[in-house]
Amino acid sequence: MSAQTSPAEKGLNPGLMCQESYACSGTDEAIFECDECCSLQCLRCEEELHRQERLRNHERIRLKPGHVPYCDLCKGLSGHLPGVRQRAIVRCQTCKINLCLECQKRTHSGGNKRRHPVTVYNVSNLQESLEAEEMDEETKRKKMTEKVVSFLLVDENEEIQVTNEEDFIRKLDCKPDQHLKVVSIFGNTGDGKSHTLNHTFFYGREVFKTSPTQESCTVGVWAAYDPVHKVAVIDTEGLLGATVNLSQRTRLLLKVLAISDLVIYRTHADRLHNDLFKFLGDASEAYLKHFTKELKATTARCGLDVPLSTLGPAVIIFHETVHTQLLGSDHPSEVPEKLIQDRFRKLGRFPEAFSSIHYKGTRTYNPPTDFSGLRRALEQLLENNTTRSPRHPGVIFKALKALSDRFSGEIPDDQMAHSSFFPDEYFTCSSLCLSCGVGCKNSMNHGKEGVPHEAKSRCRYSHQYDNRVYTCKTDGFLKDNNNAAQRLLDGMNFMAQSVSELSLGPTKAVTSWLTDQIAPAYWRPNSQILSCNKCATSFKDNDTKHHCRACGEGFCDSCSSKTRPVPERGWGPAPVRVCDNCYEARNVQLAVTEAQVDDEGGTLIARKVGEAVQNTLGAVVTAIDIPLGLVKDAARPAYWVPDHEILHCHNCRKEFSIKLSKHHCRACGQGFCDECSHDRRAVPSRGWDHPVRVCFNCNKKPGDL
C-alpha cells in the first residue's frame, strides 16, 4: 500500500493530473509515476491498480516539484544512447502515452494521429533543458565509462594475475586513495552474467566478454572499475560449466564472495531451483567457518585502517522469467524476500553469513531485458554503509592475496563429488595421520606461519606407546617417531640378554624373528645376512648381527661399533649404531625418497607392533619357553605400576598368588584382582577407544575417562 500524501505535497505539480482515470476519473492531481504502467497516477488510482497481482511489482516513484515524465517510446531506439530515456514534451490523450519531441514528430506528424488531443507539459526552454540534462547526466556518465576495460584478476588455477597493489590499482585505472566497494556476480554458465554486468554498469558496452557460442566466455575471474558508481565489478566463471579443476574453480568463487560488498546471483530459470539456495547456503557456512577468521587475521597483520568486515556481503537474487510469474505474484500478502527465507529454512541451509538478501525480478515478454530495476536496487544498497564500508583498492588486493595464499593448492579428485559446494577439504590442511588416518583440522598452508599440525580428534594410538603422542602423526612428526617399534625391540633385546635363565638359543631366535617382523623397510632381513657386509666374516649361530641404522645392512660388532645421529632415517637427534662406512660418510646426506618414508611410517609399524608383538608374540614366546611376563613388562605403558611392585589388590587388599591373578586397570594403572576390575569401558584419555578392563572405582567416575 502506498504511503499517504501529506498536505504539504499537494499543489507541487498543479499541471500534472492523473492519467489513469481508474478510480478518480482523471480529476485528481498526479502523485506517482509508474514506469511500467507508463502513466502518472493519483493516490487512489495507484493504490487500486497495484493491488492487482500482475501489477504489484511495478516500479513507482513519487513525483517532485517540476517533474516531467519520460518519453514512453524512445528507449533503446536508434539515435538515442542505450538505456537513456528522453523527457516528454506532450502526452497524447488518445494513445495515452508520453512523447518527446522526436517521437512526437515520428509517430504523430501524419494521418489521423496528428489530430489527437495532447497535453503539453509546462517546461520552459524544454529543448535546451533536455540537451543540458542529457550532457550533464547520462552522456557524461557514459563518457566516463568509454575507456573502461576488464582484466584477468585470477586464472582458473587460482593464480592471481596481478603482481602487487600498484599493479592492481593501475589495471583498475582508479586513484590509489579512492574509496570503493566490490560488486561480483555468480550464476550458472549461460545465464548471462557478463551481459548483465555490461548493461547494469557500463551502458551496454562489452567490458566483459560475451559470446553466443556454447563455450563459456568467462574463464577465471575478471575485474573492471566503474567510475560512475565507484565500484570494482567482478565477473566470475559460471557454475556447472568447468570440466577440469572443478574443485579449485569452485573454491575460487568463495574467495571472490569474501572480498565482495554486494553479490548478484543471476538466474534465467523460470523457477528458482534448489541449486541457488544450496550454493548460497553452503557459501554462507564455509564463509563463517573458514574465512571470517582469516579476514580478522589479515586486518591485524596488515594494520588496515578500514577493517575487513567479517560479516558477509549483501545478496541480490536477480531473477528473469519469460513464461512464469515473478516470485510473490501469487502471494500478494507476502514480500518475495519472506518467501526466499522460508525456502532456505525448508532446505535447512539458511545463509546467516550474508548481511541481507534481496529479490529483484523482471519478466521479459520481448527482448531486450530491462536492467533498470536491478540498477536502482544496486544503487540503493551501495549507498548503505552500515555493515560494509568503502575502502582503498589496496585493501581489497591485500584481502584477496591473503585468502589466496591461505587457501591454495590442488584438491584431490575424490573431493570433486561432494554433497556440499564448499566441503571442508577445500580449505583445511590435507595432511593425514599416518597412524589412524584422521586429517589435520588447521587451515591450508598453516605451516608457513609455524603452526604445527593438529588432529580433529584423539589419535587411536596403540596402547603400547602409552599414548605419549596425543596429536596425530603427520609428515613432520614421522621423522622423529616412526622407529618407536624398533626402540621397543632394542629394549626387549637388552632385557632378554640380561636374564640369565634364558638360554642363548631361544633368545637369539626371538631377537631375529622380532627384528624381521617389525624392522624398518630398508633393513636387510636377518635370514639374508650370512656374513658381515664390510669384513665378510661369516656369522655363526651364536654371533650377534647388528644393523646399521643408516644403510640397513648387517655387520659384526667390530664393524659397527660407532654411533651418530641418523635423523634422515627417522631416528631423531640421539646417536644410534652405524657401520664404519656410514660413520665416515656422516656428512653426506642420504637420499630417502618419499615412498621409502611412507613404507617406514607409523601406519605399518604401529600395526606390526600391535599385532606381531601384542597378539602373536605370546604364542611364539610360549613355544620357545620365554616367560611371557618379560615381554609384557617390555611393552608396559609408563603409567602402569610394574608387576613386581604389585603385591596386593589395590582395592580389596587381597594378596596375589598363583591362584589369584593380577590385572591392570587401563584408567589408573594400578593392580587389581579380577573381582575388583571386571568392568569394561573405553578410556580415550589413555588411548583405549574400545571397552577395556577398568577397576571398580574408575568405572564409577562420570563422563569420559
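Residues numbered from 1 in each chain as written. Predicted model: local features only at pLDDT ≥ 70, side-chain atom pairs only at ≥ 80, totals over all residues. Heavy atoms only, no water.

Visitor: Just give me the short version of the overall build of the protein, but keep the residues and values in it.
Guide: Helix and strand counts for the protein stand at 18 helices and 21 strands. Counting over 705 residues, the protein shows a buried share of 47%. (Helix = DSSP H or I, 4+ residues; strand = E, 2+ residues; numbered from the N terminus. Buried < 20%, exposed > 50% of the residue type's maximum accessible area, 1.4 Å probe, protein only.)

Visitor: Kindly report on the nonpolar core, identifying the contributing residues and their values.
Guide: Core analysis: the largest hydrophobic core is formed by 56 residues, its most contacted members being Leu153, Leu280 and Ile317. It is helix α7 (residues 274-302) that provides the largest number of residues to this core, a total of nine residues. Setting aside chain neighbours within four positions, we find leucine 153 in contact with Glu159, Ile160, Gln161, Val162, Phe168, Val221, Trp222, Ala223, Ile234 and Leu400. Counting 22 residues, the second largest nonpolar core, distinct from the first, contains Val183, Ala224, Val233 and Ala377. (Core = buried A, V, L, I, M, F, W, Y, C linked by side-chain atoms within 4.5 Å. Contact = heavy atoms within 4.5 Å.)

Visitor: Got a sec to walk through the pattern of salt bridges? Specific residues and values, please.
Guide: Counted under the stated rule, the structure contains 23 salt bridges. Between glutamate 46 and arginine 60 there is a salt bridge whose closest N-O contact spans 3.0 Å. With glutamate 46 in helix α1 (residues 43-49) and arginine 60 in strand β3 (residues 60-62), the pair connects residues that are 14 residues apart, well separated along the chain. Take arginine 60: its relative accessible area is 29%, and that puts it in the partly exposed class. Ionic pairing is found between aspartate 282 and lysine 278, a salt bridge with its closest N-O pair at 3.3 Å. (Salt bridge = Lys/Arg side-chain N within 4 Å of Asp/Glu carboxyl O.)

Visitor: Hey, could you go over unusual backbone geometry for me, with residue numbers and the actual values?
Guide: Here the residue pair proline 367 and proline 368 is connected by a cis peptide bond, since its omega of 5° sits within 30 degrees of zero. One non-glycine residue, glutamate 158, adopts positive backbone phi at about 70°. Tracing the chain through its elements places glutamate 158 in the loop between β7 (151-154) and α4 (165-172). What makes glutamate 158 buried here is its relative accessible area of 3%. Positive phi is not limited to glycine here, since alanine 536 has a value of about 70°. The residue alanine 536 is located in the loop between α13 (504-518) and β14 (546-547) in this model.

Visitor: Requested: an account of helix α6 (residues 246-259), with residues and values cited.
Guide: In this model α6 runs 21 Å from its N-terminal to its C-terminal C-alpha over 14 residues, within 8% of the 20 Å that 1.5 Å per residue would give. When you tally the buried positions in α6, you get 13 out of 14 residues, the bulk of the element. (Expected span 1.5 Å × (residues − 1).)

Visitor: Please give an account of the state of the cysteines that cites residues and values.
Guide: Summed over all chains, the structure comprises zero disulfides. Note on cysteine 535: no disulfide assigned, nearest cysteine sulfur contributed by cysteine 532 at a separation of 3.5 Å. On the accessibility criterion, cysteine 535 (36% relative accessible area) is partly exposed. (Disulfide = S-S within 2.5 Å.)

Visitor: Could you give an account of α4, naming the residues involved and the relevant values?
Guide: The complete set of buried residues in α4 reads Asp167, Phe168, Ile169 and Leu172. Buried residues along α4 sit against β7, β9 (221-226), β10 (231-235) and α10 (393-406). After α4 finishes, the residue aspartate 173 shows a positive phi value of roughly 60°.

Visitor: Break down the pairing of β9 for me, citing the residues and quoting the values.
Guide: The buried fraction of β9 is high, at five of six residues. Judged from the three bridges that link them, β7 and β9 form a sheet pairing that is antiparallel. Counterpart to valine 154 in the pairing with β9 is valine 221. The pairing of β9 with β10 spans five bridges and is antiparallel. Bridge pairing links tryptophan 222 to aspartate 235 in β10. The hairpin turn running from β9 into β10, its antiparallel successor, is four residues long, and lysine 230 in that turn takes a positive phi close to 60°. (Pairing = 2+ DSSP bridges.)

Visitor: Can you break down the environment of aspartate 330 residue by residue, with the values?
Guide: With respect to the element layout, aspartate 330 can be found in the loop between β12 (312-321) and α8 (336-347). For the pair aspartate 330 and arginine 54, spaced 276 residues apart in the sequence, the C-alpha separation amounts to 8.8 Å. Beyond its immediate sequence surroundings of up to four residues, aspartate 330 is in contact with Glu53 and Gln325.

So far we have only geometry, and geometry alone does not tell us how the molecule works.
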